[in-house]
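Tertiary structure, described
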Amino acid sequence: MTLSTSDINQSGRSIFKTGYVYLLVSLVCAVFGAVYEHFSHGVYSGYMAYAFLFPLAGGALPFLTMFLLSPRQIPGRLSRNLYHSGIAALTVGSMVRGALDIYGTASGLCRVYRIAGAVFAGLGILSYLFRILSSHSAVKSL
């Protein structure tokens with residue numbers, strides 16, 4: 001499969017747009033956490049305060065780095081969907097845990113968010129790596 005210049009430019013824009021959206025999601029999470037904790041009567045939670053790090057470190061940084069280093073090697077739809085689901089589960093799980101901490105209670109179900117997030121993100125990464133390795137082996141066999 002060959003990529004034309006317009007395909008590469010389109011895929012690069014897609015990767016950049018994804019990184020930019022993750023950056024905006026990080027900002028929304030940071031503002032949400034700050035507002036939530038402002039009205040929490042002096043009770044704070046690290047899970048709520050740092051929930052923005054999942055979309056920032058797990059979304060914006062990898063995708064913007066991918067845009068700068070290798071816009072040709074974009075993840076496929078399966079890889080992206082699994083990875084995005086993992087980052088979303090980790091972010092939401094952190095916010096739910098933070099809200100429960102602020103409220104003064106706990107739930108064993110918060111662990112499910114971490115497990116599901118790690119599994120989905122890991123599967124997305126593995127799917128992407130498998131795609132890269134299989135495309136490299138196909139090129140070498142030519």
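So, a few notes on the structure that sits alongside this text. In this convention, every chain numbers its residues from 1, walking through the sequence in written order. Where local features are concerned, this predicted model is filtered to residues with pLDDT of at least 70; where side-chain atom pairs are given and counted, the filter is 80 or more; whole-chain, interface and lining totals use all residues. Note that water and hydrogens are dropped before the side-chain values are worked out from all heavy atoms of the structure.

So, about the overall build of the protein chain. Helical segments are the DSSP runs of H or I of at least four residues, strand segments are the runs of E of at least two, and each set is numbered from the N terminus. For the protein chain, the helix and strand inventory stands at five helices and zero strands. Walking the protein chain from its N terminus toward its C terminus, one meets helices and strands in the order α-α-α-α-α. Exposure categories follow from relative accessible area, calculated using a 1.4 Å probe and restricted to protein chains: below 20% of the type maximum is buried, above 50% is exposed, and the middle band is partly exposed. A buried classification covers 30% of the 142 residues belonging to the protein chain. Restricting to contacts in the protein chain with at least 6 residues of sequence separation, those with at least 24 account for 79%. In this analysis, two residues are considered to be in contact whenever any of their non-hydrogen atoms come within 4.5 Å of each other.

All right, on to the nonpolar core then. Grouping buried Ala, Val, Leu, Ile, Met, Phe, Trp, Tyr and Cys residues that are joined through side-chain atoms within 4.5 Å yields what is termed a nonpolar core. Core analysis: the biggest nonpolar cluster contains ten residues, these being I15, Y22, A60, F63, M66, Y83, I87, A121, Y128 and I132. Of all the elements in the fold, those that place two or more residues in this core are α1 (5-38), α3 (53-69), α4 (77-103) and α5 (110-141). When residues no more than four places from it in sequence are discounted, the contact partners of Y83 are G58, P62, F63, F120, A121, G124 and I125. One finds C29, M48, A51 and M95 within the second-largest nonpolar core, a separate group that totals five residues.

The next subject is unusual backbone geometry. Positive phi is not limited to glycine here, since H41 has a value of about 60 degrees. Examined against the element boundaries, H41 turns out to sit in the loop between α1 and α2 (46-49).

For the rest of this paragraph, the subject is the packing of α3 against α4. Helix axes are fitted to C-alpha atoms over the stretch in contact, other axes to C-alpha atoms as well, and angles between N-to-C directions run from 0 to 180 degrees. Close contact between α3 and α4 brings their axes to 8 Å; oriented N to C, the two are set at 155 degrees. Classed by the angle they form, the pair α3 and α4 counts as roughly antiparallel. Residues F54, P55, G58, P62 and F63 of α3 form the contact with α4, whose participating residues are Y83, H84, I87, L90, T91 and S94. Residue polarity follows a fixed list, in which Ala, Val, Leu, Ile, Met, Phe, Trp, Tyr, Cys and Pro are nonpolar, Asp, Glu, Lys and Arg are charged, and the others, Gly among them, are polar. Classifying every residue of the contact of α3 with α4 gives seven nonpolar, four polar and no charged. Any angle that is under 35 degrees is reported as roughly parallel, and any over 145 degrees as roughly antiparallel; angles of 65 to 115 degrees are reported as roughly perpendicular and all others as oblique.

When you line up the elements, T91 lands in helix α4. In this structure T91 comes out as buried when scored by relative accessible area, which is 8%. Between N or O atoms, a polar contact is any pair within 3.5 Å; within protein, one atom must be a potential hydrogen donor and the other a potential acceptor, and residues adjacent in sequence are included only when both atoms are from side chains. Side-chain polar atoms of T91 contact the backbone oxygen of I87, separated by 2.8 Å. Ignoring any residue separated from it by four or fewer positions in sequence, one finds T91 in contact with C29, A51, F54 and P55.

Turning to the pattern of salt bridges, a few remarks are in order. A carboxyl oxygen of Asp or Glu within 4 Å of a side-chain nitrogen of Lys or Arg is what we treat as a salt bridge. What the rule picks out here adds up to one salt bridge. D101 is the partner of R97 in a salt bridge, and the nearest nitrogen-oxygen pair spans 3.3 Å. Remark: D101 and R97 occur in helix α4; sequence separation between them is four residues, near one turn of the helix. On the basis of relative accessibility, which here comes to 27%, the residue D101 falls in the partly exposed class.

Between its first and last C-alpha atoms α4 spans 38 Å; for 27 residues at 1.5 Å apiece the expected length is 39 Å, and the two agree. Just downstream of α4 lies G104, where phi reads positive at about 95 degrees. By definition here, a helix of n residues has an expected span of 1.5 Å times n minus one.

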